Amino acid sequence: MGHPARGWYTGIMAKYLVTGCAGFIGSSLVDALVKRGETVRGLDNFETGKRENLDGVVDRMELVEGDLRDADAMVRVCRGVDYVFHTAAVASVPRSVKDPRTSHTANIDGTFNLLEGARAAGVKRAVYSASSSAYGDQPGFPRRETMAPAPISPYAVQKLAGELYMSSFWQVYGLETVNLRYFNIFGPRQDPGSPYSGVMARFSLQMLRGEQPTIFGDGEQGRDFTYIDNVVSANFLAMDAAAEKVAGRVFNIACGEQYTLNETYGALAKLMDFQEPPAYGPSRAGDVRDSLADISAAREAFGYEPLVGFEEGLRRTVAWYREEYGVSSPK
Ligand code: UD1
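Below: a short report on this structure. (Residues numbered from 1 in each chain as written. Predicted model: local features only at pLDDT ≥ 70, side-chain atom pairs only at ≥ 80, totals over all residues. Heavy atoms only, no water.)

What to know about helix α4 (residues 100-121)
For α4, which comprises 22 residues, the first-to-last C-alpha distance of 30 Å matches the rise-based estimate of 32 Å (1.5 Å per residue) to within 8%. Within α4, the axis deviates most sharply at G110, by approximately 30°. Residues S103, A106, N107, I108, G110, T111, N113, L114, L115, G117 and A118 constitute the buried set of α4. Immediately beyond the C-terminal end of α4, within one or two residues, lies G122, with a positive phi of roughly 70°. (Helix = DSSP H or I, 4+ residues; strand = E, 2+ residues; numbered from the N terminus. Expected span 1.5 Å × (residues − 1). Bend = angle between axes of the 7 residues up to and from the residue. Buried < 20%, exposed > 50% of the residue type's maximum accessible area, 1.4 Å probe, protein only.)

Observations regarding the site of the ligand
The immediate surroundings of the ligand are formed by 22 residues, with S131, V199, F216, R223 and D287 found nearest. One of the backbone N or O atoms of S92 is found 3.3 Å from an oxygen atom in the ligand. In this structure, V199 approaches the ligand through a main-chain N or O atom, which is 2.7 Å from an oxygen atom. Notes on the ligand: free accessible area 750 Å², of which the protein chains cover 91%. Residue composition of the shell around the ligand, grouped by class: 9 nonpolar, 9 polar and 4 charged. (Near = heavy atom within 4 Å. Polar contact = N/O pair within 3.5 Å; in protein donor to acceptor, adjacent residues only side chain to side chain. Areas by Shrake-Rupley, 256 points an atom, 1.4 Å probe, with all protein chains shown as cover. Nonpolar A, V, L, I, M, F, W, Y, C, P; charged D, E, K, R; others polar.)

Remarks on the pattern of salt bridges
Applying the stated criterion to the full structure yields 20 salt bridges. Note that E38 and K15 form a salt bridge whose closest N and O atoms lie 4.0 Å from each other. Taken together, the residues E38 in the loop between α1 (24-35) and β2 (40-44) and K15 in the segment before β1 (16-19) connect sequence positions 23 residues apart. A residue is classified by how much of its surface remains accessible, and K15, at 33% relative accessible area, is partly exposed. The closest approach of N and O atoms between R181 and E163, which form a salt bridge, is 2.7 Å. Here E163 lies in helix α5 (residues 154-173) and R181 lies in strand β6 (residues 176-182), a separation of 18 residues in the sequence. Exposure remark for R181: the relative accessible area of 3% places this residue in the buried category. Overall, E163 belongs to the buried group, its relative accessible area being 2%. Salt bridges sharing partners connect three or more residues here, namely D229, E312, R315 and R316. (Salt bridge = Lys/Arg side-chain N within 4 Å of Asp/Glu carboxyl O.)

A look at the sheet that holds β2
In spatial order, the strands read β3-β2-β1-β4-β5-β6-β11; together these 7 strands make up an open sheet with parallel pairing. The two strands at the open ends of the sheet, each matched to only one other strand, are β3 (62-65) and β11 (249-253). Here the strands of the sheet are splayed against their neighbours by 20° on average, with no regard to which way each runs. Relative to β2, β1 is paired through 4 bridges, and the arrangement is parallel. Within the sheet, the bridge partner assigned to V18 lies in β2 and is G42. Against the sheet, helix α2 (residues 71-78) makes contact with β1, β2 and β3, and its axis sits at roughly 165° relative to β2, the strand it touches most. Seen against the sheet, α5 touches β4 (83-86), β5 (125-131), β6 and β11 and runs at an angle of roughly 155° to β5. (Pairing = 2+ DSSP bridges. Axes fitted to C-alpha atoms, helices over the stretch in contact; angles between N-to-C directions. Contact = heavy atoms within 4.5 Å.)

Some remarks on the packing of helix α6 (residues 199-208) against helix α9 (residues 261-272)
In contact at an axis separation of 10 Å, α6 and α9 are set at 40° when each is read in the N-to-C sense. Here α6 is positioned oblique relative to α9, judged by the angle of their axes. The two elements α6 and α9 cross, and the hand of that crossing is right-handed. For the pair α6 and α9, the contacting residues are V199, M200, F203, S204, M207 and L208 in the first and L261, T264, Y265, L268, A269 and M272 in the second. Classifying every residue of the contact of α6 with α9 gives 10 nonpolar, 2 polar and no charged. (Parallel < 35°, antiparallel > 145°, perpendicular 65-115°, else oblique. Left-handed = near helix turned anticlockwise from the far one by under 90°.)

Topic: the environment of D72
Structurally, D72 is set in helix α2. Remark: the alpha-carbon pair of D72 and L114, spanning 42 residues in sequence, is separated by 9.6 Å.

Notes on the nonpolar core
Ranked by size, the top nonpolar core spans 70 residues in total, and within it V30, L54, F85, L180, F251, I253 and F302 carry the most contacts. Not counting residues up to four positions away in its chain, the partners in contact with F251 are E145, V178, N179, L180, R181, K245, V246, A297, A298, A301 and F302. The next biggest cluster of nonpolar side chains, apart from the first, holds 22 residues, and it includes A14, L17, A118 and A126. (Core = buried A, V, L, I, M, F, W, Y, C linked by side-chain atoms within 4.5 Å.)

What about the side chain of S129?
Checked against the element boundaries, S129 lands in strand β5. Taking relative accessible area as the criterion, S129 reaches 5% and is therefore assigned buried. Once you skip the residues sitting within four places of it in the chain, S129 turns out to touch H86, T87, K159, L180 and Y182.

As structure tokens, then:
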């Protein structure tokens, strides 16, 4: 391994392309594909993705280092590919509030570049990692895909623009695309160490280190926290479903249950034997108050069911952070 452009000029055929292959969700998909014996090409620019996320599979895949913002590179990386899982993005609502341009170029221009590459290569289907943030703060729960989007943050706007491009490429070019709107995904490998990390990862590491986590706002905001295995399963089901059921459409991917941040904190603290109460700070700009999915559209179109619930997901996640961060007991 090693050379960044490895695979680009070799003419190797890869059945699957995973963008953001070194990220939390992308690497989980790569693992599952490799386990299934598939030929996989992974793309990452390692801006937020981590090489160690590919440790177990890097010898059994083709790794391409490249950036979504590079249109020519996207044409090359799609060559010979049948199916694309597009997970690459500059994620995080607060990051997009602080620096909207960086995520704008990756999430909108980058998704467009990838679609152009996929179209030129004759890719059969692309499944897109969309975001529940598209619903914004409008009334009406649970969220249904038929609701008009009302994004608040730049990140939410960007991920929604990606969806619209995906659907457009189905409608005008016949490239089969499927949009999966994820609701607060958590689990092993989610980066815990950045101020932009997802809350579950961040709190897990802080509790393990004996640091007091801060809840932004009153902690009564609700989220439909969804364990990573459910997302992997949803991606495969959406990729394999009949085109007439999924092409050009949008689907919520979640558990369909809501927990407040205070409840989540309590559940995590219990599993970690962490005794401290949280600190409370000001609410975050761009935050939505509540989030809860209706998952019946995914269920009906491609048989999606959450495989791992909140409690079991938390247990697995805590076990992983303990193992990975070398802390066997927080006491
Ligand atoms: C949002 C999107 C999600 C998207 C994700 C990408 C919604 C409902 N969800 O998640 O679809 O994929 O961004 O990053 O819009 N918090 C704290 N303390 C912390 C960190 C976070 O209290 O140290 C709070 C946040 O203010 C927020 C909640 O925890 O209220 C969840 O935050 P986070 O994990 O960052 O995800 P969302 O912004 O909800």
